[in-house]
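Chain by chain, the residues run as shown.
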2 protein chains.
Amino acid sequence: MKFDVLVDVRLRGGIADPAGATIERALPALGYDGVAGVTVGKTVRFTIEAADEAEASSRSEDLCASFLTNPVIEDATVTVNPAGESAEAGA
Amino acid sequence: MKFDVLVDVRLRGGIADPAGATIERALPALGYDGVAGVTVGKTVRFTIEAADEAEASSRSEDLCASFLTNPVIEDATVTVNPAGESAEAGA
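Keep in mind that what you see is a predicted model, and the values were worked out from it rather than measured. Each chain carries its own residue numbering, running from 1 in the written order of its sequence. Throughout, the order in which chains and ligands are written sets their labels, letters from A for the former and numbers from 1 for the latter. A pLDDT threshold of at least 70 governs which residues receive local features in this predicted model, and a stricter bar of 80 or more applies before side-chain atom pairs are shown or counted, although totals over entire chains, interfaces and linings include all residues. Here the side-chain values reflect all heavy atoms present in the structure, with hydrogen atoms and water set aside.

Draft legend 1. The interface of chain B and chain A, seen in detail. The interface is formed by 32 residues belonging to chain B together with 32 residues belonging to chain A. Of the roughly 2600 Å² buried between chain B and chain A, counting both surfaces, carbon and sulfur atoms make up 51%. Buried area is a sum: the accessible area each of two parts loses on coming together, probed at 1.4 Å, counted once for each and added. If you sort the residues of chain B by the area they bury against chain A, B:Arg10, B:Tyr32 and B:Arg45 come out on top, with a joint share of 23%. Any Lys or Arg side-chain nitrogen located within 4 Å of an Asp or Glu carboxyl oxygen qualifies as a salt bridge. Here chain B and chain A share two salt bridges between them. Of the charged contacts in the structure, one is a salt bridge between B:Asp8 and A:Arg45, with a shortest N-O distance of 2.7 Å. N or O atoms within 3.5 Å of each other form a polar contact, as long as, within protein, one can give a hydrogen and the other can take it, and as long as residues adjacent in sequence are counted only when both atoms are side-chain atoms. Run the count over chain B and chain A and you get 14 residue pairs in polar contact (both at pLDDT 80 or more). Mapped by element, the contributors of at least two residues to the side of chain B that touches chain A are strand S1 (2-11), strand S2 (35-49), helix H2 (53-68) and helix H3 (87-90) of chain B. Contacts: residue pairs with any heavy atoms within 4.5 Å of one another. Put simply, DSSP marks the helices as runs of H or I at least four residues long and the strands as runs of E at least two long, and each gets a number from the N terminus on.

Draft legend 2. Highlighting the relation of the copies chain B and chain A. Copy-to-copy superposition: least squares on the C-alpha atoms, limited to residues that have pLDDT of at least 70 in both copies. With an RMSD of 0.0 Å, the fit of chain B onto chain A corresponds to turning through 180° and sliding 0.0 Å along the axis. With respect to symmetry, the two chain copies, as superposed, fit the operation of a two-fold axis. Considering only C-alpha atoms, the residue of chain B closest to the rotation axis is B:Lys42, which sits at 2.0 Å.

Draft legend 3. Main features of the sheet that holds strand S3 (residues 74-82) of chain B. Paired strands, as defined in this entry, are two strands with at least two bridges between them according to DSSP. Strand order in the open sheet made by the six strands is S3(A)-S1(A)-S2(A)-S2(B)-S1(B)-S3(B), with antiparallel pairing throughout. In this open sheet, the two strands that pair with only one neighbour each are strand S3 (74-82) of chain A together with S3 of chain B. Shown here is a sheet whose adjacent strand axes are inclined to one another by a mean of 20°, direction ignored. As paired elements, strand S1 (residues 2-11) of chain A and strand S2 (residues 35-49) of chain A share eight bridges and run antiparallel to each other. For A:Asp4, the partnering residue across the bridge sits in S2(A) and is A:Thr47. Note on method: axes are straight lines fitted to C-alpha atoms, helices fitted across the in-contact stretch only, with angles between N-to-C directions ranging 0 to 180 degrees.

Structure follows, in structure tokens:
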């Protein structure tokens, strides 16, 4: 059975986010005021073959902690859905 | 009034995704089989000051199309929530 997986990675609190800081600093000059707290993260989407949702979830979490993120500086949220059911994770 | 905004950016269909392809190619050698369709995207989170949700949404969409994404190769989904209400966009 196939599952759509969405891994949402963002920097942990307190870790410098130079990309976000650069965007935030640039916006007032570009005419956008009132924007604050800009942070930049990444997402990884994939489909995984597994017997059930629990297995898909545990393999994805494992994959995520081992290769997709750096747990020292990043937090990840893993969302697993049966393939095709979620526009969010799957499209 | 403040709103939490989440901009989810992903490559349009048909655009080469070298980061995703590299991850996908590496996984079998690392012991993860059955993973396919790997794509990598980015997220930008920020808070915006606006009179109401409609204004927050239109300013965010505008910002997103002008500076945060390249609409030629990327699709973006903008999610706006009143500040503090959504763990997803705000934490």
